[in-house]
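Structural description and commentary
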Amino acid sequence: DVPFIHREHDFIRAAADAGTPMLGLCFGSQILASALCGRDQVFRRSTCEVGYARLAMSGSAASDPLAGGFGGEIGMFVWHNDEVRDQHPDMVILAATPECPNHIWRFRDAPIWGIQGHPELTQANARDWIGNAADALRKDGADPDQLILETEDSRAGLGMLRNFARICRETAQSTNKGE
């Protein structure tokens, strides 16, 4: 219950009403869920999920404009103490792990997605990204040096980021044609 969160919720709801594409990563996924589906959609986990995870893609993912086309399972770096619940009528669950039943989700059929993991983490930026968070990672039970060694580019995760950029371009083009 923090004032900036209330302002973010208002902004997110207004952007959703306007049809603005949105993609939330990690906390971004959580704030999208709390703004659009209710504050009770986000909760504190009993343990931290941290490291490289295999996400099982749902049947709904196959035809999704963001998550479609990557097969039945993808790899991605995950690190979270908070989580978005998987039981809400306005959420389409696109990927999960046994520890987290909602890793990637879509809001209704709108161009709004949440990804709990970190598709932006790549081999090229791992040393800086993980190194800058090393103390927090250790506190959450991870070995930062080992994580750096294990880092692989997530083909699917990077593909989703490219897909989102395409969705934004297409939305802007169709909006400009309508003016």
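It should be noted that the structure appears before, not after, this text.
No experiment lies behind these values; they were computed from the predicted model shown.

1. A word on the sheet that holds strand β2 (residues 42-57)
Read from one edge to the other, the open sheet built from six strands follows the order β1-β6-β5-β4-β2-β3, with strand pairing classed as mixed. Each of the sheet's edge strands pairs with one partner strand only, and the pair in question is β1 (22-25) and β3 (73-84). In this sheet, adjacent strand axes meet at a mean angle of 20° when their direction is disregarded. Of the strand pairs in this sheet, β1 and strand β6 (residues 112-115) are connected by four bridges, and their pairing is parallel. Directly across from Leu-25, in β6, lies its bridge partner Ile-115. Packed onto the sheet, helix α2 (residues 27-37) meets β1, β2, β3, β4 (91-96), β5 (104-107) and β6 and runs at close to 125° relative to β1.

2. Looking at the packing of aromatic side chains
Tallied over the entire structure, the rule returns four aromatic pairs. Centre to centre, the rings of Phe-77 and Trp-129 are 5.6 Å apart; their planes meet at 85°, and the pair counts as edge-to-face. Within this pair, whereas Phe-77 is found in strand β3, its partner Trp-129 is found in helix α3 (residues 126-132), the two being separated by 52 residues in sequence. Taking relative accessible area as the criterion, Trp-129 reaches 23% and is therefore assigned partly exposed. Look at Trp-113 and Phe-164: their rings are 6.3 Å apart centre to centre, the planes differ by 85°, and that puts the pair in the edge-to-face class. With Trp-113 in strand β6 and Phe-164 in helix α6 (residues 155-178), this pair connects stretches of sequence that are 51 residues apart. Phe-164 matches Trp-113 in its accessibility class, with the two residues each being buried.

3. Things to note about the side chain of Gln-30
By the element assignment, Gln-30 lies in helix α2. Here Gln-30 falls in the buried class, since its relative accessible area comes to 7%. At 3.2 Å, the side chain of Gln-30 forms a polar contact with the backbone oxygen of Asp-82. Discounting residues that sit within four places of it in the chain, Gln-30 has contacts with Val-42, His-80, Asp-82, Glu-83, Val-84 and Gln-116.

Rules behind the numbers
Residues numbered from 1 in each chain as written. Predicted model: local features only at pLDDT ≥ 70, side-chain atom pairs only at ≥ 80, totals over all residues. Heavy atoms only, no water. Pairing = 2+ DSSP bridges. Helix = DSSP H or I, 4+ residues; strand = E, 2+ residues; numbered from the N terminus. Axes fitted to C-alpha atoms, helices over the stretch in contact; angles between N-to-C directions. Contact = heavy atoms within 4.5 Å. Phe/Tyr/Trp six-rings, centres within 6.5 Å; stacked < 30°, edge-to-face > 60°. Buried < 20%, exposed > 50% of the residue type's maximum accessible area, 1.4 Å probe, protein only. Polar contact = N/O pair within 3.5 Å; in protein donor to acceptor, adjacent residues only side chain to side chain.

On their own, these measurements won't tell you what the molecule is for.
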